[in-house]
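Remarks on the overall topology
In case you want the letters, here they are:
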Amino acid sequence: MKEHHVDMDESLNRDSGLTRNQFLIWLGQEAAPDKPIFNEMSVFVIPGELDVERFHQAFQSMLDEVDALRTRVIREHGRPRAEILDHLRYESPLLDLSAEEDVEDALDAWALSKVDSAIDLAIRPFDSTLVRLASDRYAWVLLCHQILTDATSMSLVFQRVSDHYLRLDGRDAPSHADAPGFADYIKHQFDDAQTVKHRKREAYWKAKLADPPEPVVFYGGRSTPNTASRRQRVEHSLGPDLSAAVRGFATLDGIRCLSAHLSSYSVYCAALVLYLHKLSGQTRIALGSTWHNRPRSFESTVGLFMVQNPFEVEIEPDDTLRTLIKKVQSEALGTMRHLPYAAGNPGGRAYDVTLNYVKVVLGRFGDWPVEHRWYRPGFGDGSMQLQVHDVAGSQELTISIDFSTEVFSDADRAAMFGHYVACLNALIADPDQQIGSVAMLTDAERTRLEQWNDTVREYPHQATVLELIERQAELRPDAVAASDADEQITYAQLLERVRRLSRRLVAAGAGPGVSVGVLLNRSIDLIVGLLGVVGTGGAYVPLDPAFPRDRLEYMLEDSGARLLLTQMRLADSVRSGDRTVVHVDRLDAPLRDETAVVESVQPAPDGLAYILYTSGSTGRPKGVEISHKALANFLWSMADEPGCTADDTLLAVTTLSFDIAGLELYLPLIVGGHVEIASRECAADGRLLRSRLDVGGITMLQATPATWRMLLDAGWTGTTGLKALVGGEALPPELVQPLL
């Protein structure tokens, strides 16, 4: 429930006639005046020949006793004021659906429409309808605004009408005439607000609200809507076996806590916290938790006693499911110690997921057992509201979930229940397992993943990227292999330069197990340099000349690089220390004894191709080792899908410090295609990049969404025949259509 900030000390006074909680609900309704977000409706299906006139009399007798339902809330000077009517005459209209072909469908359709009806609080806070389903079957539909009732109060209204119905027939039934009214509770709340205990409770909740966690991120990266949104309710039964298992688990030593109700609640809450943590990866999980908050002296009073307060659990790396349950119970006991107090949810920031565990003890109406159905409006705040209905006498627990359609798709809604049940099962099966080991995939999802991951394909797992390029050079030695702004070379020329560099590097000490730092500008020399290191059997360490000097030197030191391969104009970019420096643009200088140098070294497939360093955003950059086999596997799969052939020319724009640069530089070469290396200036300037694409000849381009956005902002409207690959960042939805 969202509301604006307001000085509640001013609002909580005898003249308003409202509790703090009611005031918060009034504010929430004011924020969405055209949406019935606080409606709640019960449908009591009565399987008997109801005496309609006697029902009307019984309802009126109940209404005469219950001041909450005779209360209207009017607006004066921009603030609410509750006014209790001495007498309110009301007769439930009779709706006859008995002639409908499918009575149950007709009742459900009508109820779904009815629950979205606006309730004018200035007239009364409820609406009641009697529905004839057959001569011996009726439904009593009670629609109430939450500002004056809660779930327990609706059950009390049902019981009072039932008792009056029996007494009007001359039969014994409890009398509720002496029960305190809700106005008495208002006074009780006002008196309590003047106490030291109340001020301590208020300080506790203000501290809770001061540092709210981040909203939970759901499927597809979607999070809480900003305003009241359309709702879709989904109901599931847990089935008799799981229901019995959950109920039994809540009674076990080490799980049982204070009361049966709190014990059961802690299991459902822990499962929900676990689900939200596993789904989002967030460790601070906040819920809006419902508390019945009903003092014993007001057990029979109809009115709004329920409060919904923030409930937060922080998950730590070594937590088990048992410690999670204990944390839930500890938070629950802390909440209970600071009731009654309605903390609210200012601006919807404290939580956007709510949990309500409802234990329903519903008697009979007259002589007939009653089926109780709950309906919620089609609008609401937050992302998701989960309710567990535990009906006395029923073997099965029912889960009702109200989803925001802005956050949850049809598929998401179906997945959520399965994931929640998986979390429940994990709690019951092994409460001592660590949270990190819990998998919430359903059997169907696990099977689907196995099918998706059944991607075994033949690929040249014994070959290195250099060998794959050599095979193409044998097939097409005179085809253009690579180009930059200044030159282009054939496959034969490329391999001749690579082999010459490999010999020079081996002479300088390179070889299997040796790391070589590669600090080169974007040109053909870059490909020659990388493949030259591969030809020695060693591993290259990509070094971007744009990086700060201290970072480059750290990567050289951390990787254990013995050599530095660079260009003359970059010689002063980094201190080489005692490393041997080889200049790729000085290969014409003769070796002292070139005939003594090993012609080439065949790298092992399991050996390292390169060591790529992370960005260091979470600390020091970390080196990630990539083997020849992994690189060949990746390139071969990309050649197959999305596909690359000898007819393709790929424009390489990605810095060598990003792993995807390997795709751009090597993919065209292993299939006999052409790679064109864009200069640093071209890759960073949307206008230059657009100009190059407009010239033509480019059939493939891989870039981040940021680069594609830069291109679009520069006026690029597409290139005929271009295969656009997007990676490296999340793809914003608004970029999808322009790239199709």
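Below: a short report on this structure. (Residues numbered from 1 in each chain as written. Predicted model: local features only at pLDDT ≥ 70, side-chain atom pairs only at ≥ 80, totals over all residues. Heavy atoms only, no water.)

When its secondary structure is counted, the protein chain shows 22 helices and 28 strands. Along the longest, intermediate and shortest principal axes, the C-alpha atoms of the protein chain span 120 × 60 × 55 Å. A burial count over the protein chain gives 54% of its 740 residues as buried. Sequence separation of at least 24 residues holds for 73% of the intrachain contacts in the protein chain that already meet a minimum separation of 6. Distance between charge centres in the protein chain, computed from 73 positive and 103 negative side chains, equals 5 Å. (Helix = DSSP H or I, 4+ residues; strand = E, 2+ residues; numbered from the N terminus. Buried < 20%, exposed > 50% of the residue type's maximum accessible area, 1.4 Å probe, protein only. Contact = heavy atoms within 4.5 Å. Lys, Arg positive; Asp, Glu negative; His and termini not counted. Charge placed at Lys NZ, Arg CZ, Asp CG, Glu CD.)

On to the nonpolar core, then. Leu 50, Trp 140, Val 161 and Phe 365 are the most contacted members of the largest nonpolar core, which totals 67 residues. Elements that contribute at least two residues to this core include exactly α2 (20-31), β1 (39-46), α3 (52-65), α4 (103-114), β5 (126-134), β6 (137-145), α5 (151-167) and α6 (182-192). Setting aside its immediate chain neighbours within four residues, Val 161 contacts Phe 55, Ala 58, Phe 59, Met 62, Trp 140 and Phe 365. (Core = buried A, V, L, I, M, F, W, Y, C linked by side-chain atoms within 4.5 Å.)

This part takes up the pairing of strand β2 (residues 71-76). As paired elements, β2 and strand β3 (residues 79-84) share 6 bridges and run antiparallel to each other. The partner of Glu 76 across the bridge, within β3, is Arg 79. In sequence, β2 turns back onto β3 through a hairpin of 2 residues, with His 77 there showing a positive phi of about 55°. (Pairing = 2+ DSSP bridges.)

Attention shifts here to a negative patch on the surface. On the surface, a cluster of negative charge is contributed by Glu 100, Glu 101, Asp 102, Asp 105 and Asp 108. Relative to the elements of secondary structure, Glu 100 occurs in the loop between β4 (94-96) and α4. Judged by its relative accessible area of 43%, Glu 100 falls in the partly exposed class. (Patch = residues over 30% accessible without salt bridge, like charges linked within 9 Å, V, L, I, M, F, W, Y side chains within 5 Å. Areas by Shrake-Rupley, 256 points an atom, 1.4 Å probe, with all protein chains shown as cover. Salt bridge = Lys/Arg side-chain N within 4 Å of Asp/Glu carboxyl O.)

This next bit is on the sheet that holds strand β8 (residues 284-291). The strand order β9-β8-β10-β15-β16-β7-β14 describes an open sheet built from 7 strands, whose pairing is mixed. Among the strands making up the open sheet, the edge pair consists of β9 (307-314) and β14 (379-380). Inspection of the sheet shows strand β7 (residues 229-237) paired to β14 by 2 bridges, in the antiparallel sense. Across the sheet, residue Ser 229 finds its bridge partner in β14, namely Gly 380. Docked against the sheet, helix α11 (residues 410-429) engages β7, β15 (384-391) and β16 (398-404), running at close to 140° with respect to β16. (Axes fitted to C-alpha atoms, helices over the stretch in contact; angles between N-to-C directions.)

This brings us to α6. Regarding α6, the residues found buried are Phe 182, Tyr 185, Ile 186, Gln 189, Phe 190 and Asp 192. Each buried residue of α6 lies within a common arc of 165° when the element is viewed along its axis, so the set occupies one face. On the buried face of α6, the contacting elements are α2 and α7 (196-210). (Arc of directions from axis to C-beta.)

Each neighbour pair has its own omega, and for Leu 339 with Pro 340 the value is 0°, a cis peptide bond. Here the phi dihedral of His 77 falls at roughly 55°; this positive angle occurs in a residue that is not glycine. Following the sequence through the fold, His 77 ends up in the loop between β2 and β3. The exposure class of His 77 is exposed, given its relative accessible area of 84%. Look at Asn 293: it is not a glycine, yet its phi comes out positive at around 55°. Here Asn 293 lies in the loop between β8 and β9. A relative accessible area of 15% places Asn 293 in the buried class.

This next bit is on the packing of α3 against α5. At a closest axis distance of 8 Å, the pairing of α3 and α5 adopts a crossing angle of 125°. By the angle class used here, α3 and α5 are oblique. Handedness of the α3/α5 crossing: right-handed. In this structure, α3 uses Arg 54, Phe 55, Ala 58, Phe 59, Ser 61, Met 62 and Glu 65 to contact α5, whose residues at the interface are Val 157, Arg 160, Val 161, His 164, Tyr 165 and Arg 167. The class makeup of the residues in the contact of α3 with α5 is 7 nonpolar, 2 polar and 4 charged. (Parallel < 35°, antiparallel > 145°, perpendicular 65-115°, else oblique. Left-handed = near helix turned anticlockwise from the far one by under 90°. Nonpolar A, V, L, I, M, F, W, Y, C, P; charged D, E, K, R; others polar.)

Our next topic: the sheet that holds strand β17 (residues 480-483). With mixed pairing, the 6 strands of this open sheet are ordered in space as β18-β17-β26-β25-β27-β28. Whereas interior strands pair on both sides, the edge strands pair on one side only; in this sheet they are β18 (488-490) and β28 (723-726). The mean inter-strand angle of the sheet, taken between neighbouring strand axes irrespective of direction, is 20°. By the bridge criterion, 2 bridges tie β17 to strand β26 (residues 674-677) in an arrangement that is parallel. Paired with Ala 482 across the two strands is Val 675, which belongs to β26.

Mapped onto the fold, Val 671 is located in the loop between α18 (661-670) and β26. The buried category is assigned to Val 671, whose relative accessible area is 15%. Sequence separation between Val 671 and Leu 468 is 203 residues; the distance between their C-alpha atoms is 8.1 Å. Sequence-distant contacts of Val 671, defined by excluding residues within four places in its chain, comprise Gln 472, Arg 476, Ala 639, Cys 644, Thr 645 and Ala 646.

Another point: the packing of helix α17 (residues 628-643) against α18. At a minimum axis separation of 10 Å, α17 and α18 run at an interaxial angle of 70°. Relative to α18, α17 is oriented roughly perpendicular. For the pair α17 and α18, the crossing hand works out as right-handed. Across the interface between the two elements, Leu 631, Phe 634, Leu 635, Trp 636, Met 638 and Ala 639 of α17 pack against Gly 662, Leu 663, Tyr 666, Leu 667 and Ile 670 of α18. Here the contact of α17 with α18 is built from residues that sort into 10 nonpolar, 1 polar and no charged.

Looking now at the pattern of salt bridges. Within the structure shown, the criterion is met by 45 salt bridges. With a shortest N-O distance of 3.6 Å, Glu 235 and Arg 233 are connected by a salt bridge. The class for Glu 235 is partly exposed, based on a relative accessible area of 43%. Each member of the salt-bridge network shares a partner with another, and the members are Asp 51, Arg 54, Asp 169, Arg 171 and Asp 367.

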